[in-house]
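# Tertiary structure, described
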Amino acid sequence: MDTDTGNRFPVEDRFPAQDRFAAGAQYIGGRLRPGTSGRHQEIVDPATGDTVHTYELAGPADVDAAVAAAKEAFPGWSGATPGERSEALHRLAGVLAERAEEFARAESLQCGKPIKLSREFDVPGTIDNTAFFAGAARHLEGKSAGEYSGDHTSYVRREPLGVIGSIAPWNYPLQMAAWKILPAIAAGNTIVLKPAETTPLTSLLFAQAATEAGIPDGVVNIVSGAGKDAGEHLVGHPDVVMTSFTGSTGIGKRVAEIATRTVKRLHLELGGKAPFLVFDDADLTAAVHGAVAASLINTGQDCTAATRAYVQRPLYEAFVEQVAALMETVRLGDPFREDTDLGPLISYAHRDRVAAFVERARAYARIVTGGEAPEGRGAYYRPTLIADAAQDSEVVQAEIFGPVLVVLPFDTDDEGLALANDTPYGLAASVWSRDVYRTGRATREIKAGCVWVNDHIPILSEMPHGGYRASGYGKDMSAYSFEEYTQVKHVMYDNSAVAAKDWHRTIFGDR
Ligand code: NAD
């Protein structure tokens, strides 16, 4: 295995974060400004451990200012026609496309993502999302009008909610910002987004691009602050009508508690532990390639990553051997090298957490390959395959969020499906088979918000993304997300022009 960790390119050539955000890492009312919490946050390049930027975190006063800016912008933005909002989003897609390389570099710097992943997945996905919501803004539909009682006409209006408060994680900072901001503003809301405090750079670039595209000041605001103070203050804010949260299930529960106090609409995109179910008639080579790619994408820090492979007994040994062999060819390295397949984990602390799962597993399972950090700088960890773990063991049940795949055998289809559903999560899953009856049954019975057949990972702007069970509720992307970011109003007209309506008899007796 080729391992070339660390970094050979100077930070200014990657992304000059210090210069770009010298004015601060809060974007409120259309301009950058420093936070006022008195506390500072370092942005650390996980490939080297070097600090690439330090900024003052947002505190509650900054959240208040951002919410006030969003509140002030709401009447104008919600009053714009769908066509005007659509035009603005089309312009935003154009600005993003012009700046694609800058976004890719900033994302790779703050996350340690291989540059080819940022260039070919995160950034084009975000541009496509923006173009999708530019079109979708003009298709916000209420139910068709009709005379449901003979002398009245009813229709349904779909209306924006107001100021949305959104919170995003560090694993796909740009895409998560886009998934939160785009449907919200396409529907006429204004937004305050809190990115993860360790990875605010691309959310800030996105907000600046929105301003450049002509989206009015205050429609998109970014508060770069810690979860406990800025995050909780945003969720509890009385002028915020909806909280949209993506992150871990544990923090999601805390967010739900706070949001409930002010009766907010709540959208939770939480953790996952996706099963990867291989039946004995599957194309083994396709399943092996799929398992390696889908477990290692973004160094396994992907809520839909393949984490539990269940392989029917006749294919099991070959699958284990071939996945391990393919994992060993994956090139760890400097994220800014074009031939790097796998970057570091997000931080040394997270790398240690992932390594601790594997160390504990040694007592009850077999580490087929990996299970160690390479020498050199950076929070790297080798692709790891674990076999012979029990279904109820920690590595099978808990979200590890690293380049670690667990593989288990099964005998009957009933057993495979039961094992696939046997964690609290339900975000995504895949089934591998050439038999349409098997895949048909599996897609019906697996409890997850997305089931792939003979693939695992692709997402689409047109299709909903969201969980079942402990993976949360609500949908990102697609027309379904409008349901999250709008409310429906029933409007009813009396057509009879009669003063004494028939139903008044229930109040006035029979007069
Ligand atoms: P996290 O839950 O630790 O943090 C997520 C966000 O919540 C961050 O911005 C953080 O600052 C904020 N936060 C922390 N404490 C808070 C509090 N008390 N109140 C309000 N906000 C608070 O998650 P993470 O480690 O950043 O991200 C990884 C997790 O995100 C994984 O569990 C992953 O599965 C999940 N995820 C889910 C999806 C999805 O679509 N379902 C997508 C990406 C990531």
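The rules behind the values
- For every chain, the first residue of its written sequence is number 1, and the numbers climb from 1 along that sequence.
- At least 70 in pLDDT is required for a residue's local features to be given in this predicted model, at least 80 for side-chain atom pairs to be given and counted, and no such filter applies to totals for whole chains, interfaces and linings, which use all residues.
- Side-chain measures were taken over the full set of non-hydrogen atoms in the model, leaving aside hydrogen atoms and water.
- UniProt positions are given in the numbering used here, feature names are shortened, and annotations may be inferred rather than shown by experiment.
- Note on definitions. A residue lies near a molecule or strand when any single heavy atom of the residue is within 4 Å of it.
- Counted as a polar contact is a pair of N or O atoms within 3.5 Å, where, for protein atoms, one must be capable of donating a hydrogen and the other of accepting one, and residues adjacent in sequence contribute only when both atoms are in side chains.
- Note on areas: Shrake-Rupley, 1.4 Å probe, and residue coverage restricted to the protein chains presented here.
- Throughout, the protein atoms alone are placed on a 1 Å grid, and a set of points is a cavity if a 1.4 Å probe fits but cannot get out or a pocket if it is open with protein on both sides within 12 Å along at least five of seven lines; lining residues have an atom within 4 Å of a point.
- Pocket or cavity membership: a molecule qualifies when more than half of its atoms sit within 2 Å of the grid points of that site.
- By the criteria applied, helices consist of DSSP H or I runs no shorter than four residues and strands consist of E runs no shorter than two, each listed in order from the N terminus.
- Gly falls in the polar group here, along with every residue not listed as nonpolar (Ala, Val, Leu, Ile, Met, Phe, Trp, Tyr, Cys, Pro) or charged (Asp, Glu, Lys, Arg).
- Just so you know, the domain bounds were taken from an automatic or database domain assignment.
- Contacts: residue pairs with any heavy atoms within 4.5 Å of one another.

The protein chain has the name Gamma-aminobutyraldehyde dehydrogenase in an unreviewed UniProt entry, where Streptomyces hundungensis is given as its organism. Turning to the protein chain, the UniProt record has this under Sequence similarities (unreviewed entry): "Belongs to the aldehyde dehydrogenase family."

What follows deals with the site of the ligand. Surrounding the ligand, one finds 29 residues, the nearest of these being Ala168, Glu232, Ser248, Leu270 and Glu399. Measuring from an oxygen atom of the ligand, one finds a side-chain N or O atom of Glu197 at 2.9 Å. Look at the ligand: alone it shows 840 Å² of surface, and the protein chains cover 90% of it. More than half of the atoms belonging to the ligand lie within 2 Å of the grid points that define the largest pocket. Every element with two or more residues in the shell around the ligand is listed here: α9 (227-236), β11 (242-246) and α10 (249-261). Grouping the constituent residues of the shell around the ligand by class yields 14 nonpolar, nine polar and six charged. Each of domain 1 (11-270 + 467-489) and domain 2 (274-453) accounts for three or more of the residues forming the shell around the ligand.

Our next topic: the environment of Glu399. Here Glu399 lies in the loop between α14 (394-397) and β18 (404-410). Along the chain, Glu399 and Lys273 lie 126 residues apart, while their C-alpha atoms are 5.7 Å from each other. Within the local environment of Glu399, its side chain forms a polar contact with the backbone nitrogen of Gly272, the two atoms lying 3.0 Å apart.

Bringing the side chain of Lys113 into the picture now. The topology assignment puts Lys113 in the loop between α5 (100-111) and α6 (115-136). Side-chain polar atoms of Lys113 contact the backbone oxygen of Asn171, separated by 2.7 Å. When neighbours within four sequence positions are excluded, Lys113 is seen to be in contact with Glu107, Ser108, Ser118, Asp122, Asn171, Tyr172, Asn298 and Pro335.

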